[in-house]
Amino acid sequence: MLSSFFKKILSVMLALSMFSMSALALELDTSVDEEIRKHYNPSQIEKDLLPPLPKTAPSQTTPKTAPARNMKTVETTTLPPKKLPAIDTSKKTPRRIQALPGQTQAKNKFARDGIAAIKIKKGTKFKVKSLTAISDYTPISSNMSFKTTESVTQTYVTIPAGTIFKAVIEDSHPPQLSGNGGLIVININRLVFRGKTRSIQAKVTKANGKKIFVNNIKGKRQYWKGVANSTKPGAKFYKKAMRGTTKLAQNPWTLILTPFTAVAGVVVYGVNIIGSPVFAVFSKGGRISIPAGTEFEIKLLEDVYLD
């Protein structure tokens, strides 16, 4: 009982003391703000320092209204224009028709310079015979002709036997020193087909059954034959010296002279053998003479187009 009584007294005393105490208050000095406003414009400072607020566009959405009951929806239809728009056909590209594989036309397959033509392939060979006799003495730029002896069939065309090829002598010379033989170079440059002459490029690959290299028909080189021929004078002198030595040996009075004749024959023959390569330089090679009617083989060096 006493303890509760003291508690009540204590609480009453605390309440009275609180009401009797003076209220606490803070006084703020506003003179500083007034000084700042006199020298600066706060609103301008805020505009300069603070970023502008984002502008939001007003919503353009319109509220959707639910269709009333028992009301039919009206469908809007767009009428077609009375006149169709004009189309400029001046710049319209032509339509390309692509050919299927294996259906290319023959006349366009071998077109050249916009003109339909038939092609004779490069490397085609013809067997011909000459209509003109030539030799290593034939002057340069002389003309000659060949005639085919067999027909040659190509795609879409046949070159019949009797077709004429024409040529010109591009180079020639007779046999020369050091055993060099004669030379004939034939340039086959024209083909006469169905009455028309066409320019071609062809060369000779065989002449009278012999293979021709680099289109040069050459005479036989005879340098080593010249070496052998240059030793013949020494061999003859040696034989004569030996016969003379034999005759001198049969007579006791001329026996003493036999060494001289034998030595002379050996020395001359030896000098002749040693000097034969030098002497052969002055020898000449073989001649070339090709009569008319000789068989040749010619080969095309480029494609030939027949209109």
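Everything here concerns the structure above.
Values in this document were obtained by computation on a predicted structure and should not be read as measured data.

Caption draft 1: Spotlight on the overall build of the protein chain. Within the protein chain, the regular secondary structure consists of eight helices and 14 strands. Out of the 307 residues belonging to the protein chain, those deemed buried represent 26%. By sequence separation, contacts in the protein chain at least 24 residues apart represent 67% of the contacts at least 6 residues apart. Of the roughly 24,700 Å² that the protein chain leaves accessible, carbon and sulfur atoms contribute 59%.

Caption draft 2: Representation of a positive patch on the surface in the model. On the surface, Lys210, Lys220, Lys225, Lys232, Lys236, Lys239, Lys240, Arg243 and Lys247 cluster together into a positively charged patch. In terms of residues, the positive patch owes the most to one element, helix H6 (residues 232-250), which gives six residues. Residue placement: Lys240 occurs in helix H6. For Lys240, a relative accessible area of 57% puts it in the exposed group.

Caption draft 3: Molecular detail of the nonpolar core. One finds Phe146, Phe165, Ile186, Ile188, Ile217 and Phe296 to be the most contacted residues of the largest nonpolar core, which totals 30 residues. Of all the secondary-structure elements, those providing two or more residues to this core are strand E2 (125-130), strand E4 (143-148), strand E6 (157-159), strand E7 (164-173), strand E8 (183-193), strand E9 (196-207), strand E13 (295-300) and strand E14 (304-306). Leave out the neighbours within four places in its chain, and Phe296 touches Phe126, Lys127, Val128, Ser130, Phe146, Ile186, Val204, Lys206, Ala207, Ile217 and Ile290.

Caption draft 4: Inspection of helix H7 (residues 258-274) at higher detail. Between the first and last C-alpha of H7 there are 25 Å, a value that for 17 residues agrees with the 24 Å anticipated at 1.5 Å per step. The complete set of buried residues in H7 reads Thr258, Gly265 and Asn272. The buried residues of H7 all sit within an arc of 80 degrees when viewed along its axis, so they share a single face. Exposed side of H7, more than 90 degrees from the buried face: Phe260, Val263, Val271 and Ile274 are the residues found there. If you follow the buried residues of H7, they end up packed against helix H5 (223-230), H6 and helix H8 (276-279).

Caption draft 5: Looking closely at the packing of aromatic side chains. One pass over the structure, following the stated rule, counts three aromatic pairs. An angle of 50 degrees between the planes, with centres 5.1 Å apart, marks the rings of Phe126 and Phe165 as tilted. Remark: Phe165 occurs in strand E7 and Phe126 occurs in strand E2; sequence separation between them is 39 residues. For Phe126, a relative accessible area of 3% puts it in the buried group. When its relative accessible area of 1% is taken as the criterion, Phe165 is described as buried. Ring centres 5.2 Å apart and planes at 75 degrees place the aromatic pair Phe146 and Phe296 in the edge-to-face group. Linking Phe146 in strand E4 with Phe296 in strand E13, this pair joins segments that are 150 residues apart in sequence. Overall, the relative accessible area of 4% leaves Phe296 in the buried class.

Thresholds applied
- In this numbering scheme, every chain counts its residues from 1 along its sequence in written order.
- It should be noted that, the model being predicted, local features are given only for residues of pLDDT at least 70 and side-chain atom pairs only at 80 or more, the latter also being counted only at that level, while totals for whole chains, interfaces and linings use all residues.
- Hydrogen atoms and water are omitted, and side-chain values are computed over all heavy atoms in the structure.
- Put simply, DSSP marks the helices as runs of H or I at least four residues long and the strands as runs of E at least two long, and each gets a number from the N terminus on.
- Burial classes follow relative accessibility: with a 1.4 Å probe on protein chains only, a residue under 20% of its type's maximum area counts as buried, one over 50% as exposed, and anything between as partly exposed.
- What makes two residues a contact is simply this: any of their non-hydrogen atoms within 4.5 Å.
- With residues, only the protein chains shown are counted as cover, and all accessible areas are computed by Shrake-Rupley using a 1.4 Å probe.
- Patch members must show over 30% relative accessible area and no salt bridge, and they are joined within 9 Å when carrying like charges or within 5 Å when they are nonpolar side chains of Val, Leu, Ile, Met, Phe, Trp or Tyr.
- By salt bridge we mean one thing: a side-chain nitrogen of Lys or Arg within 4 Å of a carboxyl oxygen of Asp or Glu.
- When charges are counted, Lys and Arg are positive and Asp and Glu negative, with His and the chain ends excluded.
- Charge placement uses NZ in Lys and CZ in Arg. For Asp and Glu, CG and CD serve respectively.
- Here, nonpolar core refers to any group of buried Ala, Val, Leu, Ile, Met, Phe, Trp, Tyr and Cys residues whose side-chain atoms link them within 4.5 Å.
- Under the convention used throughout, the expected extent of a helix is 1.5 Å for every residue step, that is, one less than its residue count.
- Of all possible arcs, the one meant is that of the directions from the helix axis to the C-beta atoms.
- A pair of Phe, Tyr and Trp rings is counted when the ring centres sit within 6.5 Å of each other, with Trp represented by its six-membered ring. The angle between the planes then sorts it: under 30 degrees is stacked, over 60 is edge-to-face, the rest tilted.

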